[in-house]
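Now for the letters of each chain:
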Amino acid sequence: MRLSPLLRLLILTQLAFNVGFFAVLPFLSEHLGQALGMAGWLVGFVLGLRTFSQQGLFVVGGALADRYGIRPVVLAGCALRVAGFAWLGYADSTATVIGAVLLIGFAAALFSPAVESEVARQAVVREEQGNGSRTRVLALFTVAGQAGAFAGPLLGGLLLAVDFRVVCLAGAGIFVLVLAGHAWLLPQHIPGRERVSAKGGVRVLLRNRRFLALCSAYGAYLLAYNQLYLALPAEVERATGSQTALAWLFALSSLLVVTAQLPVTRRVGDRLALRRSMVAGMLLISAGFAVVALARPAGWTGTAGLLPAAGFVVLLTFGQMLVAPVARAWVPDLAEEGRLGLYTGALSSVSGLIVLVGSSLTGTLLDTGLPAAVPWLVLAAVPLAAIAVLPRRA
């Protein structure tokens, strides 16, 4: 793929963002619980605040990118992330930890929708110039993010041998490099991107039924995907008596995305319309839940008991490869002129709210004592419901 210098910069940005972020995040809960002695409920509350300050405020970051351009928003976000990680490394009380994680989350709410919206816009421009499908560019963006999510914990794990503060300062250092690179390379003005007033955009968005339908479907997909962190650990624990195998299943998912995302997009995603690609992905995800549901009555344990879980991970990951890039590729067709940042941010914020509510219901479902297959069959219906609410045309 031949990419413009701007697209190359933004895709490498996603890689660097995730290396820095995931070098710290996987080790945060253990640090809060063991090193700082926080109660379990308080650790969960702090982690929830970070998610809210990030996903919940994506719409704000997107609107600011539309109003002021991506350069100042990205630079401000990087600077805040540097400050947040450095603060977290020295935070030793509940109040200071909360302040640091809120700053870390808000930083991502600034730079992520700005970068994602510009990648989507540049992908559309590239497609209109006859240089290939926009979905392929967004698939490469997904691969870069997943590669960073895979490499980040490895870096953090090595540095954790010193202490958690060093991990945080290393994460801050990565964002210092990103900040310097963008201050040097990111254009002051990007041709074709016009700044718009911040007023009136949200009202029009809330009347855009096709876009809200996409948000609902994408939220259902994210709810299903998040079962990697909720239903899957419970299934692995049941099958093996521990969660040791969980790390290997996560690694399998990451490696599949890194190695297979572009071939899948080239051979399948490019040949299907946007809606059909999302439908195919949702069906694969539903099949993944069904595999576990059909196997649960047998009560397999040990290595045999892990096979349905592995099948679930593989089908869920291939479904993700079809759904995630296409959802981002669809947003430019539904967004109001000049409001792509707002709509990109809203996609994350609305779907994140759906996941927040849905995860509580899912946790209740898994704890109700129903027959073993029932919760997985209910979860298999979630991506099918997403198909039902998808916009009827691209």
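Up top is the structure.
Not measured: the values here are computed from a predicted model.

Caption draft 1: Local environment of the overall build of the chain. Secondary structure summary: the chain contains 16 helices and 0 strands in total. A compact globule built from 394 residues should have a C-alpha radius of gyration of about 21 Å, and the chain, at 21 Å, falls within 12% of that. Considering only C-alpha atoms, the chain reaches an extent of 60 × 50 × 40 Å along its principal axes. Burial analysis of the chain (394 residues in total) assigns 53% to the buried set. Here the contacts in the chain between residues at least 6 apart in sequence split such that 85% fall between residues at least 24 apart. For the chain, the accessible surface area stands at approximately 16,900 Å², while carbon and sulfur atoms represent 66% of it.

Caption draft 2: Focus on the pattern of salt bridges. Scanning the model with the defined rule gives 7 salt bridges in all. Residue Arg-134 is joined to Glu-127 by a salt bridge in which the shortest nitrogen-to-oxygen separation is 2.9 Å. The class for Arg-134 is buried, based on a relative accessible area of 10%. Judged by its relative accessible area of 30%, Glu-127 is partly exposed.

Caption draft 3: Broad picture of helix α6 (residues 94-128). Its 35 residues place the ends of α6 51 Å apart at the C-alpha level, agreeing with the 51 Å of an ideal helix rising 1.5 Å per residue. Among the 35 residues that make up α6, 26 are buried, leaving the element largely enclosed by the rest of the structure.

Caption draft 4: Region of interest: the nonpolar core. The biggest cluster of nonpolar side chains holds 111 residues, and the ones touching the most others in it are Leu-88, Phe-211, Tyr-221, Leu-232, Met-278 and Phe-312. Not counting residues within four places of it along the chain, the set of residues in contact with Leu-88 comprises Val-24, Leu-28, Val-97, Ala-100, Val-101, Ile-104, Phe-164 and Cys-168. In terms of nonpolar packing, the next biggest core, distinct from the first, is built from 6 residues, Val-257, Val-264, Met-321 and Leu-322 among them.

Caption draft 5: Representation of the packing of aromatic side chains. For the coordinates displayed, the defined rule picks out 11 aromatic pairs. Here the aromatic residues Phe-17, Phe-85, Phe-111 and Phe-175 are joined through ring pairs into a cluster of three or more. The side chain of Arg-67 reaches across the aromatic face of Tyr-68, ending 5.1 Å from its centre.

Caption draft 6: Quick peek at the packing of helix α4 (residues 58-68) against α6. Running from N to C, α4 and α6 cross one another at 55°; their axes reach a closest spacing of 7 Å. Judged on the interaxial angle alone, α6 and α4 are oblique. Here the hand of the crossing between α4 and α6 comes out right-handed. Along its contact with α4, which presents Phe-58, Gly-61, Gly-62, Leu-64 and Ala-65, the element α6 presents Ala-108, Ala-109, Leu-110, Ser-112, Pro-113, Ala-114 and Glu-116. Among the residues making up the contact of α4 with α6, the classes are represented as 8 nonpolar, 3 polar and 1 charged.

Caption draft 7: Region of the structure containing the side chain of Thr-13. Along the chain, the position of Thr-13 falls in helix α1 (residues 5-22). Residue Thr-13 is classed as buried on the basis of its relative accessible area of 3%. A distance of 2.7 Å separates a polar side-chain atom of Thr-13 from the backbone oxygen of Leu-9.

Caption draft 8: Structural context of the environment of Val-73. Tracing the chain through its elements places Val-73 in helix α5 (residues 70-90). Once the C-alpha coordinates of Val-73 and Ser-112 are considered, the two residues, 39 residues apart in sequence, prove to be 9.5 Å apart. Among all residues touching Val-73, those that are not within four sequence positions of it are Gly-61, Leu-64, Ala-65, Leu-110, Phe-111 and Ala-114.

Caption draft 9: Quick look at a nonpolar patch on the surface. A cluster of nonpolar side chains, namely Leu-353, Leu-356, Val-357 and Leu-361, defines an oily patch on the protein surface of about 420 Å² accessible area. Judged by relative accessible area, Val-357 falls into the partly exposed class, the value being 49%.

Caption draft 10: Spatial organisation of helix α10 (residues 209-225). For α10, with 17 residues, the first-to-last C-alpha span of 24 Å sits near the 24 Å given by 1.5 Å per residue. Of all the 17 residues making up α10, 13 are buried; the element is thus mostly covered by neighbouring parts of the structure.

About the thresholds
- Residues numbered from 1 in each chain as written.
- Predicted model: local features only at pLDDT ≥ 70, side-chain atom pairs only at ≥ 80, totals over all residues.
- Heavy atoms only, no water.
- Helix = DSSP H or I, 4+ residues; strand = E, 2+ residues; numbered from the N terminus.
- Rg over C-alpha atoms; globule rule 2.2 N^0.38 Å.
- Buried < 20%, exposed > 50% of the residue type's maximum accessible area, 1.4 Å probe, protein only.
- Contact = heavy atoms within 4.5 Å.
- Areas by Shrake-Rupley, 256 points an atom, 1.4 Å probe, with all protein chains shown as cover.
- Salt bridge = Lys/Arg side-chain N within 4 Å of Asp/Glu carboxyl O.
- Expected span 1.5 Å × (residues − 1).
- Core = buried A, V, L, I, M, F, W, Y, C linked by side-chain atoms within 4.5 Å.
- Phe/Tyr/Trp six-rings, centres within 6.5 Å; stacked < 30°, edge-to-face > 60°.
- Lys NZ or Arg CZ within 6 Å of the ring centre and 35° of its normal.
- Axes fitted to C-alpha atoms, helices over the stretch in contact; angles between N-to-C directions.
- Parallel < 35°, antiparallel > 145°, perpendicular 65-115°, else oblique.
- Left-handed = near helix turned anticlockwise from the far one by under 90°.
- Nonpolar A, V, L, I, M, F, W, Y, C, P; charged D, E, K, R; others polar.
- Polar contact = N/O pair within 3.5 Å; in protein donor to acceptor, adjacent residues only side chain to side chain.
- Patch = residues over 30% accessible without salt bridge, like charges linked within 9 Å, V, L, I, M, F, W, Y side chains within 5 Å.

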